[in-house]
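Examination of the molecular architecture
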Amino acid sequence: MTRRQELLLGLLGAAAAVGICEAVARAGIVRRGYLPPASDVLVRAARLAGDPGFLDGIGVTLRAWAIGLGLACALAVPLGLLLGAVPVAEAAVRTVIEFLRPLPSVALIPLVSLLLGSGTRTEVTLIAYASVWPVLFNTVYGLGETDPLARDTLRAFGFGRLAVLLRVELPATAPFIAAGVRISAAVALILAVATEILAGFGQGLGIFIAQAQTATDGTRDVLAGVVWAGGLGLLINGVLVGAERRLFAWAQEPRPAPDKPERRRT
């Protein structure tokens, strides 16, 4: 399937979802107070683009998202390379990682808020905590998938451990790291909005949604904020996917299947 066909099918799916929501709301199957027509929600979302206060809130959310994601990558990539290259270190911290990884970040919001207070520091900390795991595990896995022949060839020519890491292992791991960053970007955006919703005051997209849900007939504004959150996630994912395809096109080329050995005749 070509990229144009994928895009067309995606647009058809989105149009079908909007059409179903519009039909359900117009037919009165669900009260408009619970589910406004999709056209009203989209119009409201478009009008929010001209609201300076709303756009400032979007900027606050994206700034916390970028700082938290950058901090997660700065921690996860070196740690992943260390754990992947030194099996003893990986075995030593495996128990700690397996204990921390399943903890839901949203459940940590009260604790982190108590320690750091409500604000950007709490939001960035939670985003970094949730985003570090996909990058970390993808880095470790990618390092394990490095071609051993290329690695052994450099060692045979006298290259040291650091040179092998920089010349062979890190370039081979880069596509895996990029995939982990793409996954973490979506997780970071979810945590940014969720933290703001639970905080309930300040600035941000989540703050807009939280305040709209307490207003009379605020369902339309809530859904308009959700549309913006989904649109931002779609835009971020599209940019990262495009960057992956340009930077690591060599990693996406299909590998030729190995020739099957001929059977010996008896």
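Residues numbered from 1 in each chain as written. Predicted model: local features only at pLDDT ≥ 70, side-chain atom pairs only at ≥ 80, totals over all residues. Heavy atoms only, no water.

1. Quick word on the environment of Arg-47
Structurally, Arg-47 can be placed in helix α2 (residues 38–48). Looking at Arg-47, the relative accessible area reads 59%, which means it is exposed. Put simply, Arg-47 and Thr-195 are 148 residues apart on the chain and 25 Å apart in space, counted from C-alpha to C-alpha. (Helix = DSSP H or I, 4+ residues; strand = E, 2+ residues; numbered from the N terminus. Buried < 20%, exposed > 50% of the residue type's maximum accessible area, 1.4 Å probe, protein only.)

2. Observations concerning the pattern of salt bridges
For the coordinates displayed, the defined rule picks out five salt bridges. Here Arg-26 ties to Glu-22 by a salt bridge, and the two come within 2.7 Å at their closest N and O atoms. Placement of the pair is Arg-26 and Glu-22 together in helix α1 (residues 3–27), with a separation of four residues, close to one helical turn. Note that Arg-44 is salt-bridged to Asp-221, the shortest N-O span being 2.6 Å. Residue Arg-44 is found in helix α2, and its partner Asp-221 is found in helix α10 (residues 219–247); the two are separated by 177 residues along the sequence. Its relative accessible area of 22% is what places Arg-44 among the partly exposed residues. We classify Asp-221 as buried; its relative accessible area is 18%. (Salt bridge = Lys/Arg side-chain N within 4 Å of Asp/Glu carboxyl O.)

3. Observations concerning helix α3 (residues 52–85)
Taking 1.5 Å of rise per residue, 34 residues should cover 50 Å, and α3 covers 49 Å from first to last C-alpha, within 8% of that figure. The distance from a side-chain oxygen at the start of α3 to the backbone nitrogen of Gly-53 is 3.1 Å, and the residue carrying that oxygen is Asp-51. (Expected span 1.5 Å × (residues − 1). Polar contact = N/O pair within 3.5 Å; in protein donor to acceptor, adjacent residues only side chain to side chain.)

4. Thoughts on a nonpolar patch on the surface
A cluster of nonpolar side chains, contributed by Leu-79, Leu-82, Val-86 and Val-88, occupies part of the molecular surface with about 340 Å² of accessible area. For Val-86, the position within the fold is in the loop between α3 and α4 (87–100). The class of Val-86 is partly exposed, set by a relative accessible area of 34%. (Patch = residues over 30% accessible without salt bridge, like charges linked within 9 Å, V, L, I, M, F, W, Y side chains within 5 Å. Areas by Shrake-Rupley, 256 points an atom, 1.4 Å probe, with all protein chains shown as cover.)

5. What about the nonpolar core?
It is characteristic of soluble globular proteins that their nonpolar side chains tend to be buried jointly. Phe-54, Trp-65, Val-135, Leu-205 and Trp-228 are the most contacted members of the largest nonpolar core, which totals 46 residues. Taken together, the elements giving at least two residues each to this core come down to α2, α3, α5 (109–116), α6 (120–144), α8 (161–199), α9 (205–213) and α10. With residues near it in sequence (within four places) discarded, Trp-65 still touches Ile-127, Ala-185, Ala-188, Leu-189 and Ile-236. (Core = buried A, V, L, I, M, F, W, Y, C linked by side-chain atoms within 4.5 Å. Contact = heavy atoms within 4.5 Å.)

6. A short note on α2
Owing to its 3.6 residues per turn, the α-helix brings residues three or four apart onto one side. Every buried residue belonging to α2 is among Ala-38, Val-41, Ala-45 and Leu-48, and all of these are buried. Buried residues of α2, seen end-on, are gathered within an arc of 85 degrees and therefore sit on one face of the element. Among the exposed residues of α2, those oriented more than 90 degrees off its buried face are Ala-46 and Arg-47. Of the surrounding elements, those touching the buried residues of α2 are α1, α3, α9 and α10. (Arc of directions from axis to C-beta.)

7. Structural notes on the confidence of the model for the protein
Predicted confidence across the protein gives a mean pLDDT of 84, with 93% of residues reaching 70 or more. When the elements of the protein are averaged for pLDDT, helix α7 (residues 148–156) gives the smallest value, 78, and α3 the largest, 92. Below pLDDT 50 for its whole length, residues 255–266 participates in zero contacts with residues either more than four positions away or in separate chains. (pLDDT = per-residue confidence, 0-100.)

8. Quick look at the side chain of Thr-139
Along the polypeptide, Thr-139 turns up in helix α6. With a relative accessible area of 0%, Thr-139 lands in the buried category. With residues near it in sequence (within four places) discarded, Thr-139 still touches Ala-76, Val-77, Gly-80, Leu-81, Thr-173 and Ile-177.

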